[in-house]
Amino acid sequence: VHPESLPVIIVAKASILLQWEQKLAEWSNNNPDLTPFIFRKGTDPVSKFFKVYITTYDLVPKLQAKFSKLEIKTLILDECQAIKNSSSKRTNAVRELSKGIPNIIGTSGSAILNNMLEFFPLLNILYPRQFSDLRTYAEDWTSTFWDKVTGTIKPGGLRKSREKAWKELTSKFILHYTREQVAPD
């Protein structure tokens, strides 16, 4: 852990908060300076004493005002597919939280499966200048298809004609690993 990257907020699914706490202890050799404060309720108090904070995606909207007082330097969005809906309260709260934080990391062990539009919220948070507008992003990168059930045009995957450009554009910040590469055993 680089001291200049602290304090940090880790946003994760509720089911893995304890796992984050355990891994932080392991990775830091039980360094008491890196003992995290875990927000479990929107009414939890904020203390600048801690250098690591952990919370859930669902609590971010309730804690947003408190977080602004912490001068956060790093935001880790674990299982970042949780903010795939551009118009959700959760996504908008995370987007607002991320403003002004110099280091933002999104991690996921799960693929975004439905369509390319689900990438937009994370890309918008990581690179707001480059990915500033959902409509432009959709027109530039997303293919469409006719949904026979609803009788509407729906967003699909990456446009075939843009695959090479997408790989070049995202090669510096989207890393793809197979299960075998990450956990060979």
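Refer to the structure above for everything that follows.
Residues numbered from 1 in each chain as written. Predicted model: local features only at pLDDT ≥ 70, side-chain atom pairs only at ≥ 80, totals over all residues. Heavy atoms only, no water.

Topic: the overall build of the protein
The condition that has to hold: Only DSSP runs of H or I covering at least 4 residues are called helices, and only runs of E covering at least 2 are called strands; the numbering of each starts at the N terminus. Note on classification: 1.4 Å probe, protein chains only; a residue is buried when its accessible area is under 20% of the maximum for its type, exposed when over 50%, partly exposed between these limits. Using the Shrake-Rupley algorithm and a 1.4 Å probe, accessible areas are obtained, with residue cover drawn only from the displayed protein chains. His residues and chain termini do not enter the charge count, which takes Lys and Arg as positive and Asp and Glu as negative. Throughout, a charge is located at the NZ atom of Lys, the CZ atom of Arg, the CG atom of Asp or the CD atom of Glu.
Summing up its helical and strand segments, the protein has 7 helices and 7 strands in all. Reading the helices (α) and strands (β) of the protein from amino to carboxyl end gives β-α-β-β-α-β-α-β-α-α-β-β-α-α. For the protein, the spread of C-alpha atoms along the principal axes amounts to about 55 × 40 × 30 Å. Here the protein holds 185 residues, and 37% of them are scored as buried. Carbon and sulfur atoms make up 53% of the accessible area of the protein, which totals about 11,900 Å². Averaging the positions of the 26 positive and the 19 negative side-chain charges in the protein gives two centres separated by 5 Å.

Examining helix 3 (residues 89-98)
We count it as follows: Should any heavy atoms of two residues lie within 4.5 Å, those residues are considered in contact.
Within helix 3, burial applies to Thr 91, Ala 93, Val 94, Arg 95, Leu 97 and Ser 98. Contact partners of the buried residues in helix 3: strand 1 (8-12), helix 2 (60-67), strand 4 (74-78), strand 5 (103-107) and helix 4 (120-126).

Quick word on the sheet that holds strand 4
Think of a sheet as strands paired side by side through backbone hydrogen bonds, with each pair either parallel or antiparallel. Basically, it comes down to this: Two strands pair if DSSP finds at least two bridges between them. Note on definitions: angles span 0 to 180 degrees between N-to-C directions of axes, and those axes are lines fitted to C-alpha atoms, for helices only across the stretch in contact.
One open sheet holds the 5 strands; their spatial order is 2-3-1-4-5, and the pairing between them is parallel. Two strands bound the open sheet, and with one partner strand each, they are strand 2 (37-38) and strand 5. Note that strand 1 and strand 4 share 4 bridges and pair parallel. Within strand 4, the residue paired with Ile 9 across the bridge is Leu 75. Where helix 1 (residues 17-27) meets the sheet, it contacts strand 1, strand 2, strand 3 (52-56) and strand 4, and its direction lies at approximately 160 degrees from that of strand 3. Sheet strands in contact with helix 2 are strand 1 and strand 3, and its direction is about 155 degrees off that of strand 3.

Concerning the pattern of salt bridges
For the record, the criterion: Here a salt bridge means any side-chain nitrogen of Lys or Arg lying within 4 Å of a carboxyl oxygen belonging to Asp or Glu.
Summed over all chains, the structure comprises 5 salt bridges. Linking Glu 26 and Lys 23 is a salt bridge whose minimum nitrogen-to-oxygen distance equals 3.4 Å. Of this pair, Glu 26 and Lys 23 both sit in helix 1, 3 residues apart, which is roughly one turn of that helix. Judged by relative accessible area, Lys 23 falls into the partly exposed class, the value being 32%. Here Lys 99 ties to Glu 96 by a salt bridge, and the two come within 3.2 Å at their closest N and O atoms.

Things to note about the nonpolar core
General note: in soluble globular proteins, nonpolar side chains tend to be found buried as a group. As a reminder, the rule being used: For our purposes a nonpolar core is just a set of buried Ala, Val, Leu, Ile, Met, Phe, Trp, Tyr and Cys residues, chained together by side-chain atoms within 4.5 Å.
In terms of nonpolar packing, the biggest core is built from 23 residues, with Ile 9, Val 11, Tyr 57, Leu 75, Leu 77 and Leu 97 touching the most fellow members. For this core, the elements supplying multiple residues, two or more each, are strand 1, helix 2, strand 4, helix 3 and helix 4. Counting residues in hydrophobic clusters, the runner-up holds 13 residues, among them Val 8, Ala 12, Leu 24 and Val 52.

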